[in-house]
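Survey of secondary and tertiary structure
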Amino acid sequence: MVLTDMEQLEAWIDESDNIVFFGGAGVSTESGIPDFRSVDGLYHQKYDYPPETILSHSFYQKKPEEFYRFYWDKMICLDAKPNQAHIALAKLEQQGKLKAIITQNIDGLHQMAGSSEVLELHGSVHRNYCERCGKFYSLEDILPFSATQNEDGTSRTPKERVPICSCGGRIKPDVVLYEEGLDNDTLTKAVSYIRNADILIIGGTSLAVYPAAGLIDYYRGERLVVINLSQTPRDTYADLVIAGKIGQVLAEVVK
Ligand code: NAD
């Protein structure tokens with residue numbers, strides 16, 4: 001009997017208790033958060049500077065006001081809720097089938113869906129630190145700085161939208177900007193999970209951002225699955241490629 005790709009994926013998931021998921025911004029587009037490289041993604045919108053420039057360490061240092069203008073407007077989506085992809089992956093973990101989610105996303109939606117082993121390669125908008133004294137701030141703590149108007153209705157200046165600690169230091173989101181390195185412990189754990197996985201499911205990522213995308217080279221198994229709307233550089237090496245919306249695909253195969 002010849003199985004369809006969806007039946008094949010479902011059969012592999014049924015047989016495994018060591019699945020690892022590696023994902024990116026495409027996992028959250030069905031939650032209304034734009035990705036970078038889709039046609040309606042942030043790279044196809046017009047700004048004074050390209051998004052890669054704004055989201056770089058040197059730009060953040062030189063122009064924190066411009067950085068935060070983009071950050072508040074484009075990177076923070078307060079209304080976003082987990083979609084079918086996040087929910088299906090959380091379910092697989094609860095069933096003891098999925099060992100870890102390795103994500104390039106910074107939105108915290110996997111945890112909101114109930115997943116516990118989530119390795120955030122690029123950090124999280126939910127953690128923020130004072131650059132001077134190191135004090136921790138949640139996203140809620142610093143949200144008042146995102147407002148465009150003061151309580152009296154007057155407009156806030158770009159400078160007033162840069163979060164400042166009670167000590168006077170500037171607060172930086174714990175997200176990995178371009179030009180910054182990834183956390184070593186997170187990388188080591190990610191490599192270990194991928195190396196030992198029997199199924200590696202890659203989804204919702206263009207695999208264009210390194211070193212994150214290079215992690216999948218550590219996979220040694222024979223069940224490499226790619227679920228993505230557009231082609232990826234790994235499609236030719238994958239054992240199964242499903243071109244589709246990841247939320248729809250996972251909702252269909254995870255029971
Ligand atoms: P990317 O924008 O480069 O690629 C997204 C990929 O997902 C594209 O190939 C697209 O075809 C695919 N895609 C979009 N919607 C999909 C869906 N519903 N189902 C299946 N595939 C879908 O994103 P990337 O590879 O993650 O790399 C860019 C960087 O973007 C990462 O470093 C990440 O930190 C950052 N980012 C994160 C968020 C977030 O946290 N939600 C949002 C935007 C960007």
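The text that follows walks through the structure, step by step, so that each part is easy to find. Predicted model only: the values in this text are computed from it and were never measured.

On the basis of which strands lie adjacent, the open sheet formed by three strands has the order 5-4-6 and antiparallel pairing. At either end of the open sheet lies a strand with only one pairing partner, and these are strand 5 (136-137) and strand 6 (171-175). With five bridges joining them, strand 4 (residues 123-130) and strand 6 adopt antiparallel strand pairing. Bridging across to strand 6, C130 finds its partner in I171. Against the sheet, helix 4 (residues 64-75) engages strand 4 and strand 6, with an angle of about 50° to strand 6.

Below, the discussion takes up the pairing of strand 1 (residues 19-23). Counting buried positions along strand 1 yields five of five residues, so the element is predominantly enclosed. Of the two faces of strand 1, the one lined by I19, F21 and G23 and the one lined by V20 and F22 are each fully buried. Sheet analysis places strand 1 next to strand 2 (residues 98-103), joined by five bridges and oriented parallel. Bridge pairing links F21 to I101 in strand 2. Across five bridges, strand 1 lies against strand 7 (residues 199-203) in parallel orientation. Across the sheet, I19 pairs through a bridge with I199, a residue of strand 7.

So, on to the site of the ligand. In the vicinity of the ligand lie 28 residues, with F36, R37, Q104, T205 and S206 positioned nearest. D107 places a polar side-chain atom, nitrogen or oxygen, 2.7 Å from a nitrogen atom of the ligand. Within the contact set of the ligand, an oxygen atom lies 2.9 Å away from a side-chain nitrogen or oxygen of N228. When the free accessible area of the ligand is taken as 860 Å², the share hidden by the protein chains comes to 95%. Each residue belonging to the shell around the ligand can be placed in one class, and the counts come to nine nonpolar, 14 polar and five charged.

Moving on to unusual backbone geometry. Of note, the amide linkage connecting Y210 to P211 takes the cis form, showing an omega dihedral of 10°. Structurally, P211 is set in the loop between strand 7 and strand 8 (224-227). Its identity is not glycine, yet E179 carries a phi of approximately 85°, on the positive side. Along the chain, E179 falls in the loop between strand 6 and helix 8 (184-196). Of note, L207 is a non-glycine position whose phi angle comes to about 55°, a positive value.

Parameters and conventions
- Residues numbered from 1 in each chain as written.
- Predicted model: local features only at pLDDT ≥ 70, side-chain atom pairs only at ≥ 80, totals over all residues.
- Heavy atoms only, no water.
- Pairing = 2+ DSSP bridges.
- Helix = DSSP H or I, 4+ residues; strand = E, 2+ residues; numbered from the N terminus.
- Contact = heavy atoms within 4.5 Å.
- Axes fitted to C-alpha atoms, helices over the stretch in contact; angles between N-to-C directions.
- Buried < 20%, exposed > 50% of the residue type's maximum accessible area, 1.4 Å probe, protein only.
- Near = heavy atom within 4 Å.
- Polar contact = N/O pair within 3.5 Å; in protein donor to acceptor, adjacent residues only side chain to side chain.
- Areas by Shrake-Rupley, 256 points an atom, 1.4 Å probe, with all protein chains shown as cover.
- Nonpolar A, V, L, I, M, F, W, Y, C, P; charged D, E, K, R; others polar.

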